[in-house]
Amino acid sequence: MNGSFKQQTENVKNKVKSMGPIKFILLIILAAGTVCSFVFHDYIFPADSIFNKGISDSGFINGLLAFVPKLIQAVRIVTVILIITAVALFVINKTLCKNQRQITVARLVNNMISVVVAVIIVIAVLAVWGIDTTALITGAGVITLIVGLGMQSLIADVVAGLFIVFENEFNVGDIVTIDGFRGTVVSIGIRTTKLEALGNIKIVNNSDIRGVLNQTVKPSTAKALIDIEYGASLEKVERVINDKLPDVKIDGVLGAISYDGVAALGASGVTLQFTAECYEGDIFSVQREMNKRLKTMFDENGIGIPFNQLVVHFADKSAAQST
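Note that the coordinates shown come from a computational prediction; the quantities given were computed from them, not determined experimentally.

Asker: Looking at this structure, how should I read helix 10 (residues 283-300)?
Answerer: Residues three or four positions apart in an α-helix share a direction because the helix packs 3.6 residues into each turn. Here helix 10 contains 18 residues, and its C-alpha end-to-end distance of 26 Å stays within 8% of the 26 Å for a straight helix at 1.5 Å per residue. Three or more residues of helix 10 are buried, namely Ile 283, Val 286, Met 290, Leu 294, Met 297 and Phe 298. Projection of helix 10 onto a plane perpendicular to its axis shows the buried side chains occupying an angular sector of 90 degrees, all on one side. Exposed and facing more than 90 degrees away from the buried side of helix 10 are Arg 288, Lys 292 and Glu 300. In this structure, the buried side of helix 10 is in contact with strand 2 (181-188), strand 6 (220-228), helix 9 (234-244), strand 7 (253-265) and strand 8 (270-278).

Encoded structure:
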């Protein structure tokens, strides 16, 4: 479980902090170009430059030249926003990602920052190009209201996702059961939650999540049910268990394996119950190993385990003929 948590932490750190060598180099180039454009602005764009006066009678060419300063200014704004975003993500990486709850919050904030930054870049670039963003924002607000009325499920997903994170119902890395699907939470997004199990990914809308079974809040209990023959002496079997069970050590078990007594009287044997505390991520491997080690322990001490048998009775032919 600890190894899985460390792996989750490293994955989030890589996604939040690392932008890849190509993106990093591109951002450095943009930053250097932005600094140079500020420093040498008066040399590149003096009052009598071709970008302001034009070079021909063609309005199209002069328009293209006049557009160059606006384009450079737009690149400046985008670069500054991206640098601020990178710094914000770096701060998130340093302050969060120390436990599962912080990992979950980091991923959610990362998703929200991506959306907000994209909107800010679009509005800022349009403003530089001379488009009236006030009217655009007002119109977008009206459109958002209209669309919101028709997308209530999307809004419900977003609100539900926020409540999931801030009420700490479950976090990234937790093993939960939702709608009968048991899996590890790999992400909690603005709209959906993703669970992974055996290489399969289940995507659930946040507003559709009901009655979550969080199986990692406390240690889980691995259970092994072993049958013994009715002919075996229960007193002898329990004496063997008391003597040998403390020597059975299994990786992943927290503490010791416990013998709980007779669980049931089956059709062909007496069912004994053994339990052990472990992390939910280890429960299946612990159960398998318990079955193996307990079977070996019984075999070594002459305790038989019953199995289904077919008994065939042959009728006496002479007796059948006399009747």
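Next comes the rest of the description.
Asker: Where do I start with the packing of aromatic side chains in this structure?
Answerer: Describing an aromatic ring pair means giving the distance of the ring centres and the angle of the ring planes. One pass over the structure, following the stated rule, counts two aromatic pairs. Plain terms: the ring middles of Tyr 259 and Phe 274 are 5.3 Å apart, the flat faces sit at 40 degrees to each other, and that makes the pair tilted. Placement of the pair is Tyr 259 in strand 7 and Phe 274 in strand 8, with a sequence separation of 15 residues. A relative accessible area of 0% means that Phe 274 is categorised as buried. Among the aromatic residues, ring-to-ring pairing joins Tyr 259, Phe 274 and Phe 298 into one connected group.

Asker: Help me understand the sheet that holds strand 8 in this model?
Answerer: The strands making up a sheet associate through backbone hydrogen bonding, with each pair oriented either parallel or antiparallel. Pairing within the open sheet is antiparallel, and its three strands lie in the order 6-8-7. Looking at strand neighbours, the two that pair on one side only are strand 6 and strand 7, the edges of this open sheet. Across the sheet, the mean angle from the axis of one strand to that of its neighbour is 20 degrees, orientation sign disregarded. Relative to strand 8, strand 7 runs antiparallel, the two sharing eight bridges. Within the sheet, the bridge partner assigned to Val 262 lies in strand 8 and is Leu 272. Packed on one face of the sheet, helix 9 meets strand 6, strand 7 and strand 8 and runs near 20 degrees to strand 8. Most of the contacts of helix 10 go to strand 6, to which it runs at about 30 degrees, and overall it touches strand 6, strand 7 and strand 8.

Asker: Teacher, can you tell me more about the nonpolar core here?
Answerer: The tendency in soluble globular proteins is for nonpolar side chains to be buried as a group. One finds Ile 241, Leu 245, Ile 257, Leu 272, Phe 274, Met 290 and Phe 298 to be the most contacted residues of the largest nonpolar core, which totals 25 residues. Of all the secondary-structure elements, those providing two or more residues to this core are strand 6, helix 9, strand 7, strand 8 and helix 10. Among the elements that line this core, the one with the most residues is helix 10, at six residues. Membership of the second largest hydrophobic core comes to 14 residues, among which are Leu 108, Phe 170, Val 176 and Val 185.

Asker: Just checking my understanding: could you explain unusual backbone geometry for this structure?
Answerer: The general pattern is negative phi for most residues beyond glycine and trans for most peptide bonds. A positive phi is found at Asp 179, a non-glycine position, where the angle reads about 55 degrees. Assessed through its relative accessible area of 56%, Asp 179 is described here as exposed.

Asker: Help me understand the environment of Lys 202 in this model?
Answerer: Structurally, Lys 202 can be placed in strand 4 (residues 200-205). Using a relative accessible area of 27% as the deciding quantity, one classes Lys 202 as partly exposed. Linking Lys 202 and Thr 192, residues 10 residues apart in sequence, is a C-alpha distance of 10.0 Å. Discounting chain neighbours no more than four positions away, the residues touching Lys 202 are Ile 178, Phe 181, Thr 193, Lys 194 and Leu 195.

Asker: Sorry if this is basic, but what is going on with the side chain of Asp 157 here?
Answerer: Relative to the assigned elements, Asp 157 resides in helix 8 (residues 152-166). There is no salt bridge for the buried Asp 157, and the closest opposite charge comes from Arg 191, which lies 4.5 Å off by N-O distance. With sequence-adjacent residues up to four places away left out, Asp 157 is seen in contact with Ile 190, Arg 191, Asn 205, Asn 206 and Ser 207.

Asker: Is there a simple way to explain the pattern of salt bridges in this structure?
Answerer: If the charged atoms of two oppositely charged side chains come close together, the side chains can form a pair. As enumerated under the stated definition, the model contains three salt bridges in all. Between Arg 293 and Glu 289 there is a salt bridge, with the nearest N and O atoms lying 3.8 Å from each other. Here Glu 289 and Arg 293 lie together in helix 10, a separation of four residues that amounts to about one turn. Under the relative-accessibility criterion, Arg 293 is labelled partly exposed at 28%. Lys 295 is the salt-bridge partner of Asp 299, the closest N and O atoms lying 2.4 Å from each other. Linking Asp 299 with Lys 295, this pair stays in helix 10, spanning four residues, or about one helical turn. With relative accessibility at 43%, the residue Asp 299 sits in the partly exposed group.

Conventions used here
Residues numbered from 1 in each chain as written. Predicted model: local features only at pLDDT ≥ 70, side-chain atom pairs only at ≥ 80, totals over all residues. Heavy atoms only, no water. Helix = DSSP H or I, 4+ residues; strand = E, 2+ residues; numbered from the N terminus. Expected span 1.5 Å × (residues − 1). Buried < 20%, exposed > 50% of the residue type's maximum accessible area, 1.4 Å probe, protein only. Arc of directions from axis to C-beta. Contact = heavy atoms within 4.5 Å. Phe/Tyr/Trp six-rings, centres within 6.5 Å; stacked < 30°, edge-to-face > 60°. Pairing = 2+ DSSP bridges. Axes fitted to C-alpha atoms, helices over the stretch in contact; angles between N-to-C directions. Core = buried A, V, L, I, M, F, W, Y, C linked by side-chain atoms within 4.5 Å. Lys, Arg positive; Asp, Glu negative; His and termini not counted. Salt bridge = Lys/Arg side-chain N within 4 Å of Asp/Glu carboxyl O.

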